[in-house]
Amino acid sequence: MISRREFVRITTAAGAAMLVSFNTSCRNKISRWRFLTGEEISLLDAIVEQIIPTDDFPGGRWANVSNFIDRQLDSYYRKHQVAYREGLSAMGMTVFQLKGRKFEELPFAEQTDMMEMMESGTFPGDYWEEHSPAGFFNMLRDHSLQGFYGSPVHGGNREYISYRMLGLDYPNIIGQNRYKDLSWRIYDAKSPANGK
Amino acid sequence: MANKRVNAVVVGAGAGGGVVAKELATGGLSVVLIERGRWHSYDEHGDDELTSQRTFPLKCGFGPDNERNWRMSPDGKNGWVKVFPNQWSYGNNAACVGSGTVSYGAMAWRFQPDDFRLKSKYGAVPGSTLEDWPLTYEEIEPFYEKAEYEIGVAGDPTNDPFVPPRKKPYPMPAFSLNGEGIILEKAAWRLGLHPFPIPMLRNSVPYNGRPACIRMRTCVGYACPVGAKAGTQNTVIPAALKTGNCELRINCMVSEIMIDDKGRAKGVRYFDADNRLQEQVSDIVVVSASASESARLLLNSRSRLFPAGAGNNNGWVGRNIQDHAYAGAYGLFEEEVYDDVGPGACIAVNDFNHRIPGIIGGGVLCNEFIRMPYQFTSIRPRNSKMWGIEHKDFQKRYFRRHIAVHGPAQEMPVFDKKVEVDPVVRDFWGIPVARISGSRHDNDIKAGRFLAEKAEEWLKEAGAVSTWQAVPGKESTPSQHQSGTCRMGNDPATSVTNKFGQLHEIDNVFIADGSLHVNNGGYNPALTILALGYWVGGHIVDMWKGTKMK
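Reading guide: rules and limits
Residues numbered from 1 in each chain as written. Chains lettered and ligands numbered in written order. Predicted model: local features only at pLDDT ≥ 70, side-chain atom pairs only at ≥ 80, totals over all residues. Helix = DSSP H or I, 4+ residues; strand = E, 2+ residues; numbered from the N terminus. Rg over C-alpha atoms; globule rule 2.2 N^0.38 Å. Buried ≥ 20, exposed ≤ 12 C-beta atoms within 10 Å, placed from the backbone. Contact = placed C-beta atoms within 7 Å. Axes fitted to C-alpha atoms, helices over the stretch in contact; angles between N-to-C directions. Parallel < 35°, antiparallel > 145°, perpendicular 65-115°, else oblique. Left-handed = near helix turned anticlockwise from the far one by under 90°. Pairing = 2+ DSSP bridges. Nonpolar A, V, L, I, M, F, W, Y, C, P; charged D, E, K, R; others polar. pLDDT = per-residue confidence, 0-100.

With that settled, the discussion passes to the overall build of chain B. Helices and strands together make up the secondary structure of chain B, namely 12 helices and 17 strands. Here the C-alpha atoms of chain B give a radius of gyration of 22 Å, agreeing with the 24 Å that 2.2 N^0.38 yields for 550 residues. Principal axes of the C-alpha set define a box for chain B whose edges measure 70 × 55 × 50 Å. Expressed as a percentage of the 550 residues in chain B, the buried residues total 60%. Within chain B, counting contacts between residues at least 6 apart in sequence, those at least 24 apart form 73% of the total.

Here you go:
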């Protein structure tokens, strides 16, 4: 008899492996993402859009927040790889059990309900081992805000959209612009998220 | 090949070490200045908030790195947990040429005369090792002045009735107030307070071969693109190198002060840029590695005569670590108050420094440096929703309609708030790591709450429609204002150095950084550390001329 802990590990690993093979066979090319799978990205895109929704300014999805997170999981946030693999899988499975549909296919308001359950600790934690739904929610929230408001050099905040939103895109004092960091333009040309 | 013997090794090229290296090199001593970090430039960092020294979720851009440096911190369950430089519980300052003075906000405060005689003024404080400094304000005043002129300070004390006595004006005129500064100035007058422009180690006009400030919004936490902000990296360190007497060795991690059998220092052991163990023999060792790392180095320098670490036979090295109990308030406004004129902090009142019944010390109150967009996501009234459309609405509405006022409440030195070295855990080089523990004194909380009240009153008078306070808690890890771990004193039983920063127990080892502070004032400590650099460095040169330290 295998423990619950092992069961989750095996099933999430198998699920991830399945997704990877599905991706590669269908698209017949190397994944455009560094750590996350295409399936994980489509869930994450819906999540970051919940954290920073579109209104008269674009939201987290448009701003390439998922790309920011994927890039960090392959560099500064390697330590969070397990949390993301487990958390996204657990979240996806739980929502499917509760609603019979994928998170990203739910109406926006129902997604918000799910997010609020995660935040408040009322979300079922059955599929989680290392982390809790609330802990994972806090990490998702903080990383999404970093991706939306941080410098575009890290792969998010596409075209400095959050700076435009706050009226910070052009400094008031002539001359400062000489020192604005424009390296993200070069970076983005190489980014797999470019041309989205 | 062995390194050539020199007169002095200076460990750490920050505020204290940079000044000492320059004083010694111009005084004719041969100097090796060793720094564990490297040179940094604005171009490398830009306006990247996620690796700034202010908010650092990805890394501390100005060092040290997470790959080779860590500490232990209390886990809240009587155990210890490993922490990294970009966690608050590590208590980081910086690690690079210039150290904190590259990325600091550059406030240029002199401590009040009373800060040097706190115990005489307030009496003994139960639970605190509060003591007078062995040195008076009158003695240090010329060195404050030297720091203000050599490094470069802009200010105007005319409207501050509580300004510490000074013989000369500041070398540069004060900065003009930004939009929120003007609003706050008028409100302060209405409250009967005495607002004045914050003195800054930043050029308001071209000075010392460097241009004037261009008022970037990214200042505190970032390098300056034009070099208008003065640090040791663009003032005294280049001056030291220019003498030809000083060699700067970067990417070198000092592991130990070598002590001979007669109880004198022979030099230091360090790991060079290729991680090879090296020895640098010298007549004098000056330790200026910050309050936490200077204490760690002394504690890690064990020898026959000093089994508990260099200069630590009385057990006082690493004790009494202090920072500041920052406290303040936020206010939301109907109209835009943000005008994007950096660095933001520009106006202060000294009314609550030593003028509070029932509270020891107190602190200056200032408007805060500009909060960048990611940092602003955590600035909310209690019980706010921190994500979703409410979050975004708040960002859009209030980023340009809020003001923050806060101040550094003076902390009481507590003997059990301390830096130790961990008996087991070692860093990348195999050097035992620091562990920092202990809780704040109750007076700090009381003083913080008082300052927060006053900050809130100021914001309300300025027209804020909604305000809330931010008050300090009991637990904190001293970081950018860390001080006090090798305090100076006249009594060798209850201090680590004499009034010249010379170890009581080892006469050719000196300390020159915030570690010397007996208390940390109600102000940002950078100018005091710079002044102490001149004080200690000048004394070493005088001694050298007499005896050659033989």
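Additional details are given in the paragraphs that follow.
Before going further, it helps to spend a moment on the packing of helix 5 (residues 108-120) of chain A against helix 6 (residues 133-149) of chain A. Helix-helix packing is characterised by the crossing angle of the two axes and by the distance between the axes. Residues and elements named next belong to chain A. Contact geometry of helix 5 with helix 6 gives a least axis separation of 6 Å together with a crossing angle of 110°. By the angle between their directions, the pair helix 5 and helix 6 is classed as roughly perpendicular. Along this stretch, helix 5 crosses helix 6, giving a crossing that reads as left-handed. Contacts from Met115, Met118 and Glu119 in helix 5 reach Pro133, Ala134 and Phe137 in helix 6.

The next point concerns the sheet that holds strand 10 (residues 324-332) of chain B. Residues and elements named next belong to chain B. Taken in spatial order, the six strands line up as 5-11-12-13-10-16 in an open sheet, and their pairing is antiparallel. Here the strands that pair on one side only, and so sit at the sheet edges, are strand 5 (195-197) and strand 16 (466-470). Each strand of the sheet is rotated relative to its neighbour by a mean of 25°, with strand direction disregarded. Sheet analysis places strand 11 (residues 347-349) next to strand 12 (residues 365-367), joined by two bridges and oriented antiparallel. Across the sheet, residue Val349 finds its bridge partner in strand 12, namely Leu365.

This brings us to the interface of chain B and chain A. Listed by partner, the interface residues are 28 residues for chain B and 28 residues for chain A. Elements with a minimum of two residues in the side of chain B that touches chain A: helix 9 (373-376) and helix 10 (388-398) of chain B. In terms of residues, the side of chain B that touches chain A owes the most to one element, helix 10 of chain B, which gives five residues. Looking at the side of chain B that touches chain A residue by residue, the class counts come to 14 nonpolar, four polar and 10 charged.

Our focus in this paragraph is the confidence of the model for chain A. Residues and elements named next belong to chain A. Across chain A, the average pLDDT comes to 82, with 72% of residues at or above 70. Confidence drops under a pLDDT of 50 for residues 7-28, and excluding neighbours within four residues, the segment shows 15 contacts in the predicted structure. Low pLDDT, under 50, characterises residues 182-196; the predicted model gives this stretch 15 contacts beyond four residues in sequence or across chains.

This part covers unusual backbone geometry. Residue Pro64 of chain B is reached from Gly63 of chain B by a cis peptide bond, and omega for that bond is -5°. Structurally, Pro64 of chain B is set in the loop between helix 2 (42-45) and strand 3 (71-74). Positioned with a positive phi, Glu159 of chain A is a non-glycine residue whose angle comes to about 55°. Exposure remark for Glu159 of chain A: the 16 C-beta atoms within 10 Å place this residue in the partly exposed category. The backbone of Tyr160 of chain A shows a phi angle near 55°, a positive value even though the residue is not glycine.

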